[in-house]
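Inside the fold
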Amino acid sequence: DAGVTQSPTHLIKTRGQQVTLRCSPISGHKSVSWYQQVLGQGPQFIFQYYEKEERGRGNFPDRFSARQFPNYSSELNVNALLLGDSALYLCASSSTHLRYNEQFFGPGTRLTVL
Amino acid sequence: AQSVSQHNHHVILSEAASLELGCNYSYGGTVNLFWYVQYPGQHLQLLLKYFSGDPLVKGIKGFEAEFIKSKFSFNLRKPSVQWSDTAEYFCAVIAFSGNTGKLIFGQGTTLQVKP
């Protein structure tokens, strides 16, 4: 079975631009979470979606938004990019949004903002 | 706010040495605890998890962790490391205050095992 897939693998943008990152969960999983991992730090929670509804939001500005589609795939959008948005963006899928479900991580999208 | 602290940022060991990585969390309620590993060039993957019951948890590849509630700790151990254990290790917690699966990660420990 395919694991969590993310696209693109790498992305280079300039300050002020907008970016969209994509994630496809493991087949049968209905929940997707997004994390930001800055170099040298652990992943930080951005959003969690389940059944197309936002179930949790981390401490990120409104420039960050996300959505989940009927096929449970998800997009993370970041507007007005800042240099500090340069990071590895991880997507994780789980069967539900509940706390006891293991989250399976994708390979991430490496975003570089110049 | 909940937080996770990993005491060792960079650990260097020789093969066959014993490993213990420290992890402390700040949350007074019920928690679920995890250790994730990220091998070079690979995805984050789950090593082991604690939900309830026996505080000594065994995971994959010979790793184990002990939950000590009074110390808010969940240290990772392995009796004898191998070169293939070279990786980044993350401790994480889900607080019980909500049902959502929001993982809070520590800053990670880079383990380098010398052959």
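Residues numbered from 1 in each chain as written. Chains lettered and ligands numbered in written order. Predicted model: local features only at pLDDT ≥ 70, side-chain atom pairs only at ≥ 80, totals over all residues. Heavy atoms only, no water.

1. As for the overall build of chain B
The condition is simple: Secondary structure is summarised from DSSP: a helix means a run of H or I of at least four residues, a strand means a run of E of at least two, and numbering begins at the N terminus for each. Only C-alpha atoms enter the radius of gyration; for comparison, a globular chain is expected to reach 2.2 Å times N to the power 0.38, where N is the number of residues. Accessibility here uses a 1.4 Å probe with only protein chains present; expressed as a share of the type maximum, an area under 20% marks a residue as buried, one over 50% as exposed, and anything in between as partly exposed. Contact criterion: two residues are considered in contact whenever any of their non-hydrogen atoms come within 4.5 Å of each other. The Shrake-Rupley method, run with a 1.4 Å probe sphere, supplies the accessible areas, and residue values consider only the shown protein chains as cover. Under the convention used here, Asp and Glu are negative, Lys and Arg are positive, and both His and the chain ends fall outside the count. All charge positions are set by atom: Lys at NZ, Arg at CZ, Asp at CG, Glu at CD.
Secondary structure summary: chain B contains zero helices and 12 strands in total. Ordered by position in the sequence, the α and β elements of chain B form the string β-β-β-β-β-β-β-β-β-β-β-β. Taken over C-alpha atoms, the radius of gyration comes to 14 Å for chain B, in line with the 13 Å a tight globule of 115 residues would show. Reported as C-alpha extents along the three principal axes, the dimensions of chain B are approximately 45 × 30 × 20 Å. Looking at the 115 residues of chain B, the share that counts as buried comes to 45%. Within chain B, residue pairs in contact and separated by at least 24 positions form 55% of the contacts whose partners lie at least 6 positions apart. As presented, chain B carries roughly 5400 Å² of accessible surface, and 53% of it is formed by carbon and sulfur atoms. On chain B, the mean spot of the 9 positive side-chain charges and the mean spot of the 7 negative ones are 5 Å from each other.

2. Considering the overall build of chain A
A tally of regular secondary structure across chain A gives zero helices and 11 strands. The secondary structure elements of chain A, listed N-terminal to C-terminal, are β-β-β-β-β-β-β-β-β-β-β. The C-alpha atoms of chain A give a radius of gyration of 13 Å, which matches the 13 Å a tight globule of 114 residues would have. Its C-alpha atoms put chain A at 35 × 25 × 25 Å along the principal axes. Residue burial in chain A is summarised as follows: out of 114 residues, 52% are buried. Relative to all contacts within chain A whose residues are 6 or more apart in sequence, the contacts with residues 24 or more apart total 53%. Summing over all exposed atoms, chain A offers an accessible surface of approximately 5300 Å²; the carbon and sulfur share of this is 49%.

3. A look at the state of the cysteines
Residues and elements named next belong to chain A. Operational definition: Throughout, a disulfide means two cysteine sulfur atoms within 2.5 Å of one another.
Under the defined criterion, the tally for this structure stands at two disulfides over all chains. The disulfide partner of Cys 23 is Cys 91, and the gap between their sulfur atoms is 1.8 Å. On the sign convention where negative is left-handed, the bridge of Cys 23 and Cys 91, at about -60 degrees about the S-S bond, is left-handed. A residue pair is termed long-range when its members are at least 10 positions apart, and Cys 23 in strand S3 (residues 19-24) and Cys 91 in strand S9 (residues 87-94) qualify at 68 residues. The same class applies to Cys 23 and to Cys 91, which are both buried.

4. Things to note about the side chain of Gln68(A)
All names here are of chain A. We apply this condition: For this analysis, a polar contact is any N or O atom pair within 3.5 Å, provided that within protein one partner can donate a hydrogen and the other can accept it, and provided that sequence-adjacent residues contribute only side-chain to side-chain pairs.
Counting through the fold element by element, Gln 68 comes out in strand S7 (residues 64-68). Within polar-contact distance, the side chain of Gln 68 engages the backbone nitrogen of Lys 52 at 2.9 Å. Polar contacts involving the side chain of Gln 68 include one to the main-chain carbonyl oxygen of Tyr 72, which spans 3.1 Å. Gln 68 has contacts with Lys 30, Ser 31, Val 32, Tyr 49, Tyr 50, Glu 51, Lys 52, Glu 53, Ser 73 and Ser 74, leaving out every residue within four places of it along the chain.

5. A word on the nonpolar core
Threshold: Only buried residues count toward a nonpolar core. Its members are Ala, Val, Leu, Ile, Met, Phe, Trp, Tyr and Cys residues joined through side-chain atoms within 4.5 Å.
In terms of nonpolar packing, the biggest core is built from 29 residues, with Leu33(B), Trp35(B), Leu47(B), Leu48(B), Phe74(B), Leu76(B) and Tyr89(B) touching the most fellow members. Excluding its chain neighbours within four sequence positions, the residues that come into contact with Leu33(B) are Tyr25(B), Leu48(B), Lys49(B), Tyr50(B), Phe67(B), Phe74(B), Ala92(B) and Val93(B). Formed by 22 residues, the second largest nonpolar core is a distinct cluster that contains Val4(A), Ile46(A), Leu76(A) and Leu81(A).

6. A closer look at the environment of Pro40(B)
All names here are of chain B. Locating Pro 40 in the fold gives a position in the loop between strand S5 (31-38) and strand S6 (44-50). Classification of Pro 40 by relative accessible area gives exposed; the value is 63%. The spatial distance from the C-alpha of Pro 40 to the C-alpha of Thr 86 is 8.0 Å, given a sequence separation of 46 residues. Beyond its immediate chain neighbours, meaning those up to four positions away, Pro 40 contacts Thr 86 and Ala 87.

7. Some remarks on the interface of chain A and chain B
Using the following cut-off: A 1.4 Å probe defines the accessible area here, and the buried area is the portion of it lost by two parts on being joined, summed over both. Whenever a carboxyl oxygen of Asp or Glu lies within 4 Å of a side-chain nitrogen of Lys or Arg, that contact is scored as a salt bridge.
Counting residues at the interface gives 19 residues for chain A and 21 residues for chain B. Summed over both partners, the interface of chain A with chain B comes to about 1800 Å²; 57% of that surface belongs to carbon and sulfur atoms. Three residues stand out in chain A for area buried against chain B, namely Arg99(A), Glu102(A) and Phe105(A), and they jointly supply 39% of the buried area on that side. Our count for the contact surface shared by chain A and chain B stands at zero salt bridges. Counting the contacts that link chain A with chain B gives three residue pairs in polar contact (both at pLDDT 80 or more).

Purely geometric stuff here, so don't read any function into it on its own.
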